[in-house]
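# An overview of the molecular structure
In case you want the letters, here they are:
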Amino acid sequence: MGAEGNGRGPRSSYEYVEGWGMAVGAHARVLRPRSAEEVARAFATARGEGTSIGLRGSGCSYGDASVNAGGHVLDVTRMNRVLAFDPETGVADLESGVTIEQLWKHILPLGFWPKVVSGTMFPTVAGATAMNIHGKNNFKVGTFGDCVQEFDIVLPSGELRTCSRTSEPDLFHAAIGGFGMLGCMTRVRLETKRVHSGEIEVRGVSAHDLAEMMQVFEDEKASADYLVGWIDCFGAEENAGRGLVHVARYLAPGDDPQPEKTLRVAHQELPANILGVIPKSEMWRFLRLFNNDLGWRFVCGVKHQLGRLEGMRGWYRQPHAAFNFLLDYVPNWKFAYGRTGGRGLIQYQSFLPKETALDAYREMLALCHARGHVSYLGVLKRHRPDPFWMTHACDGWSLALDFKVTPENRASLWETCDELTRIVLDAGGKFYFAKDLVLGHLAMLRAFPTEQREAFLALKRRLDPDALLQTNLWRRVFAPDECLTARP
Amino acid sequence: MSGATKRAREHSETWVGYRQELPRYRTDISRWNRARATDNAAVSNSPSTTQPRTAQPRTAQPRAAIVVGASSGIGAALVRQLAADGYDVCAIARRADKLSELEPPAGAGGRIVTRAHDVTDTAAIPELFEEIVRELGGGLDLIVYAAGIMPAVGPEEYDTEKDLSQLEVNLGGCIAWCNEAARLFRTQRRGTIVGIGSIAGDRGRKGSPAYATTKAGMATYLEALRNRLAEARVHVLTVKPGFVDTDMTRGMDGLFWLISADDAARTILKAAHNRFWSTRYVPLRWWAVGTVIRAIPSFLFRRLNI
């Protein structure tokens, strides 16, 4: 150990490690290995000490997926080299800590864009693979795991294995979406997509209620490349689920008169000022003033009306980064939810099959109103199934709801989430570990198919018999507690 | 029992079937249990709940502090003062025998734990820091760097070894300890770093060239730290004491405005709890002196014996 990284093991320091939503965290020793050998050595050292290790990328999971109270945390961000990129096929070999930002900045000038990106550009590829993240194009191209060809993984035993769909298919399909419980990925081989412009064509479609919004998705599904719906959760009764759908599609060759210009990284920069005056790095302080029920009711109402205007505007063009990384427009916007004292946010994202989604989501939005926990941000997306064992995706929909957490509302918010969870489970829904902070063991048992879950646990038992790899998430959701939600 | 809790209870009892499916994952149950106990603590004791929601609970919650250079002088006074204020304090010094003299105050006070450590042994600091913070309860609120040496330098003495040893203790140790604290405070988004500098750092005097250099370096380093950590709401305070009645000043001539170490410690902690201060002269009247001295042009300063 030692901050200098003196040959004996990876660099480490003692820090406070929290989930992105700031509602949970713990002090831990953070190890930052620079190679697969150092990862193996960290595993061996922790085993010798009788301590568990939790794996962490950029820490972009909202909940406790990369928090490990009472154990060490292994942070992969120091392993961040782009090992190879083939400009013919668009296949990239990346070390685990390469972020989506590094990736797109590397490949866009060569005419490629990652097939799947999240709403923020900061996750690492290993984190994205382990959590099997999705983007606004999940209905079309699947999850992040669907574009992974192969990866190297250091097992808890210290053994390095290379997994792909053909060699080690079990480990491949279990570790993708396996939330870092089977081993630490050290290299990921990723497919990317050829693009013919640095811009993308976007159109807004305003919807008066949830049914209309879902209809827009179904109408556009065949021709669109990206579909995402913003929901004004303050809309009640006949307005429930009103909002704005963004439809986007890639440009065909020749549509962009100057692709060499738009493909430059400089063209992708997000706007530096908001409304032309407020420097965006300080914007969150301004947002904080609105960060209450009344403020957001106003903001959402205005945004919905602006959305109706945008709906009349027709197609317009936006750089890829500006369209995809909406969460990065306002740096540190999460601080508007409070920076101290157990303040923060949780995102409650539920995945429902297409048959039951509309009724269940209507019921959930109404329940939020009835309980006085109205989400400040609702996002609707369309999904498709994928072959990974612990996947969240299904042929249906997801609704993500951001809730403000304060020390005062924590208990009642968790109870409301408990009620939401019942609706989701009764409708045959699933959950997503990168977002979750509220599920309990029983909910997990009901949400994930028995066969896949048992296979996953059997593999975990075989590869990690003494439970070296643990996180708060793992203990909360897979520990034998007989409750639906993990109470705060 | 609230309605929702009752419903939850009833609901879970209808799911008896699921209990039989619980994963048998109990190969090392002790590690499991230990970890679960900390998880619960992590959720309920995260800085959230240890942080004040109103003005009152701030003093009710246990707080933790580290004082480096605590065997005598201002450092020792700070340890006593902090413990009396209810802090759990770790006192660090080279001389273990001196540390044992630090008695926790009678009545309601915090714990005092002690560690013998030579600040020039920078390689040992990361591990020691983690060990101490864990012993203090997992988090840290305040670190004070008060270690410093000022050997007497004769008017015609140019001793490299003597000068560099001051650099190592006064500046090297400060950087090593503050870096550890900075990593923790940045990720906690709270904490206070206090460095005991000196008015001697304001100008390069004839008297103690290396000492003045280390204190000036410390002030610059702490300023940089203050700017780096501002976004994370970490308070970094540079203290510039005047003449304080300690071992360091004992036997020196021409002292005035001399205050006791306890008085100095009281003023320092007040400033540490007040974000208004980034640099604080102790006592405050030295600010006027410092301002005048800093304004004296060099051609004049070299002719003065101050």
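Residues numbered from 1 in each chain as written. Chains lettered and ligands numbered in written order. Predicted model: local features only at pLDDT ≥ 70, side-chain atom pairs only at ≥ 80, totals over all residues. Heavy atoms only, no water.

## A word on the overall build of chain A
Scanning chain A for helices and strands turns up 15 helices and 20 strands. Here the C-alpha atoms of chain A give a radius of gyration of 22 Å, agreeing with the 23 Å that 2.2 N^0.38 yields for 488 residues. Scored against the burial criterion, the 488 residues of chain A give a buried share of 66%. In chain A, the proportion of contacts linking residues at least 24 apart, taken out of those at least 6 apart, comes to 72%. When the accessible area of chain A is evaluated, it comes to approximately 16,500 Å², of which 53% is carbon and sulfur surface. (Helix = DSSP H or I, 4+ residues; strand = E, 2+ residues; numbered from the N terminus. Rg over C-alpha atoms; globule rule 2.2 N^0.38 Å. Buried < 20%, exposed > 50% of the residue type's maximum accessible area, 1.4 Å probe, protein only. Contact = heavy atoms within 4.5 Å. Areas by Shrake-Rupley, 256 points an atom, 1.4 Å probe, with all protein chains shown as cover.)

## Remarks on the overall build of chain B
Within chain B, the regular secondary structure consists of 13 helices and 9 strands. Counting the 306 residues in chain B, one finds 46% classified as buried. On chain B, roughly 15,200 Å² of surface is accessible, and the fraction owed to carbon and sulfur atoms is 53%.

## A closer look at the pattern of salt bridges
Overall, the coordinates contain 46 salt bridges over all chains when judged by the stated rule. Three or more residues are tied together by salt bridges with common partners; here these are A:Asp93, A:Glu150, A:Asp152, A:Arg187 and A:Arg189. (Salt bridge = Lys/Arg side-chain N within 4 Å of Asp/Glu carboxyl O.)

## Notes on the sheet that holds strand E3 (residues 112-116) of chain B
Residues and elements named next belong to chain B. Pairing is parallel across the open sheet formed by 7 strands, whose spatial order is E3-E2-E1-E4-E5-E6-E9. Among the strands making up the open sheet, the edge pair consists of E3 and strand E9 (279-282). Strand-to-strand twist in this sheet, taken as the mean axis angle between neighbours without regard to direction, amounts to 15°. Bridge count for strand E2 (residues 87-93) against E3 is 5 bridges, and the pairing is parallel. (Pairing = 2+ DSSP bridges. Axes fitted to C-alpha atoms, helices over the stretch in contact; angles between N-to-C directions.)

## Remarks on unusual backbone geometry
With an omega of -15°, the peptide bond between B:Val282 and B:Pro283 qualifies as cis. Backbone geometry at A:Glu237 places phi at a positive 55°, although glycine is not the residue there. Looking at the secondary structure, you find A:Glu237 in the loop between strand E12 (226-231) and strand E13 (243-250). A relative accessible area of 71% places A:Glu237 in the exposed class.

## Overview of the environment of B:Asn179
With respect to the secondary-structure elements, B:Asn179 resides in helix H9 (residues 160-188). Sequence spacing of B:Asn179 and B:Met218 is 39 residues, and the spatial spacing of their C-alpha atoms is 13 Å.

## Looking at the nonpolar core
A:Phe43, A:Phe151, A:Ile346, A:Tyr361, A:Leu380 and A:Phe433 are the most contacted members of the largest nonpolar core, which totals 148 residues. Residues contacting A:Phe151, with those up to four places away along its chain left out, are A:Arg161, A:Thr162, A:Cys163, A:Leu171, A:Phe172, A:Ala175, A:Ile176, A:Met185, A:Arg187 and A:Val188. The next biggest cluster of nonpolar side chains, apart from the first, holds 37 residues, and it includes B:Ile143, B:Trp177, B:Leu222 and B:Val236. (Core = buried A, V, L, I, M, F, W, Y, C linked by side-chain atoms within 4.5 Å.)

## Observations concerning helix H9 (residues 293-311) of chain A
Residues and elements named next belong to chain A. A rise of 1.5 Å per residue sets the reference length of H9, with its 19 residues, at 27 Å; its end C-alpha atoms lie 26 Å apart and thus fit the reference within 8%. What H9 keeps buried is the set Gly295, Trp296, Cys300, Gly301, His304, Gly307 and Glu310. Lining the buried residues of H9 we find strand E11 (199-207), E12, E13, helix H8 (283-290) and strand E16 (316-319). (Expected span 1.5 Å × (residues − 1).)

## Considering the packing of helix H6 (residues 210-220) of chain A against helix H11 (residues 357-371) of chain A
All names here are of chain A. Contact geometry for H6 and H11: axes closest at 10 Å, N-to-C directions at 140°. Put simply, H6 runs oblique to H11. Between H6 and H11 lies a crossing whose hand is right-handed. Contacts between H6 and H11 involve Leu210, Ala211 and Met214 on the former and, on the latter, Ala357, Leu358, Tyr361 and Arg362. Considered class by class, the residues forming the contact of H6 with H11 number 6 nonpolar, no polar and 1 charged. (Parallel < 35°, antiparallel > 145°, perpendicular 65-115°, else oblique. Left-handed = near helix turned anticlockwise from the far one by under 90°. Nonpolar A, V, L, I, M, F, W, Y, C, P; charged D, E, K, R; others polar.)

## A short note on the packing of aromatic side chains
All names here are of chain A. Taken as a whole, this structure holds 34 aromatic pairs over all chains when the rule is applied. Ring centres of Trp474 and Phe478 lie 4.8 Å apart, and the angle between their planes is 25°; this geometry places the pair in the stacked category. Linking Trp474 with Phe478, this pair stays in helix H15 (residues 472-478), spanning 4 residues, or about one helical turn. Taken as a pair, Trp474 and Phe478 share a single burial class, namely buried. Aromatic ring contacts, followed pair by pair, group Trp20, Tyr62, Phe234, Trp296, Trp333, Tyr337 and Tyr376 into a single cluster. (Phe/Tyr/Trp six-rings, centres within 6.5 Å; stacked < 30°, edge-to-face > 60°.)

## Points about the environment of A:Glu18
When you line up the elements, A:Glu18 lands in strand E1 (residues 11-18). For the pair A:Glu18 and A:Thr421, spaced 403 residues apart in sequence, the C-alpha separation works out to 24 Å. Residues within four places of A:Glu18 in sequence aside, it is in contact with A:Val24, A:Gly25, A:Arg56, A:Val67 and B:Arg189. A distance of 2.6 Å separates polar atoms of two side chains, one belonging to A:Glu18 and the other to B:Arg189. (Polar contact = N/O pair within 3.5 Å; in protein donor to acceptor, adjacent residues only side chain to side chain.)

## Looking at the environment of A:Gly241
Note that A:Gly241 resides in the loop between E12 and E13. Here the alpha-carbon distance between A:Gly241 and A:Leu227, two residues 14 residues apart in the chain, equals 16 Å.

## Here's the deal with the sheet that holds strand E4 (residues 72-75) of chain A
Strands sit in the order E1-E2-E4-E3 (chain A) across an open sheet of 4 strands; the sheet is mixed. Only two strands of the sheet have a single neighbouring strand rather than two, namely E1 and strand E3 (53-56) of chain A. Ignoring which end each strand starts from, the neighbouring axes of this sheet average 35° apart. Taken together, the 3 bridges between strand E2 (residues 25-32) of chain A and E4(A) define a ladder with parallel strand orientation. Along E4(A), the bridge assignment pairs A:Val30 with A:Val73. Contacts between H9(B) and the sheet are confined to E1 and E2 of chain A, with E1(A) contributing the most and set at about 20° to the helix.

## Quick look at the side chain of A:His27
Note that A:His27 resides in strand E2. The exposure class of A:His27 is buried, given its relative accessible area of 16%. Polar contacts involving the side chain of A:His27 include one to the main-chain carbonyl oxygen of B:Gly138, which spans 3.3 Å. Side chain to side chain, A:His27 and B:Gln188 meet in a polar contact 2.7 Å long. Ignoring any residue separated from it by four or fewer positions in sequence, one finds A:His27 in contact with A:Tyr14, A:Glu15, A:Tyr16, B:Gly138, B:Gly139, B:Leu184 and B:Gln188.

## Considering the packing of H11(A) against helix H12 (residues 410-426) of chain A
All names here are of chain A. Orientation of H11 relative to H12, taken along the N-to-C sense of each, is 165°, at an axis distance of 10 Å. In terms of orientation, H11 and H12 fall into the roughly antiparallel class. For the element pair H11 and H12, the recorded crossing hand is right-handed. Together, Ala360, Glu363, Met364, Leu367, Cys368 and Arg371 of H11 and Thr416, Glu419, Leu420, Ile423 and Val424 of H12 make up the contact between the two elements. Of the residues belonging to the contact of H11 with H12, the class tally is 7 nonpolar, 1 polar and 3 charged.

## Brief notes about the side chain of A:Asp402
Its location among the elements puts A:Asp402 in strand E19 (residues 396-405). If sequence neighbours within four positions are ignored, A:Asp402 has contacts with A:Tyr62, A:Trp333, A:Tyr337, A:Leu345, A:Ile346, A:Gln347, A:Ser375, A:Tyr376 and A:Leu377.

## Comments concerning the pairing of strand E1 (residues 63-68) of chain B
All names here are of chain B. The element E1 is extensively covered by neighbouring structure, given that 6 of its 6 residues are classed as buried. By the alternation rule, side chains of E1 split into Arg63, Ala65 and Val67 and Ala64, Ile66 and Val68, which are all buried. Sheet topology note: the E1/E2 ladder contains 6 bridges and is parallel. Bridging from a neighbouring strand, Ile66 pairs with Cys90 of E2. In the sheet, E1 pairs with strand E4 (residues 142-145) via 4 bridges, with the strands oriented parallel. Bridge pairing links Ile66 to Ile143 in E4.

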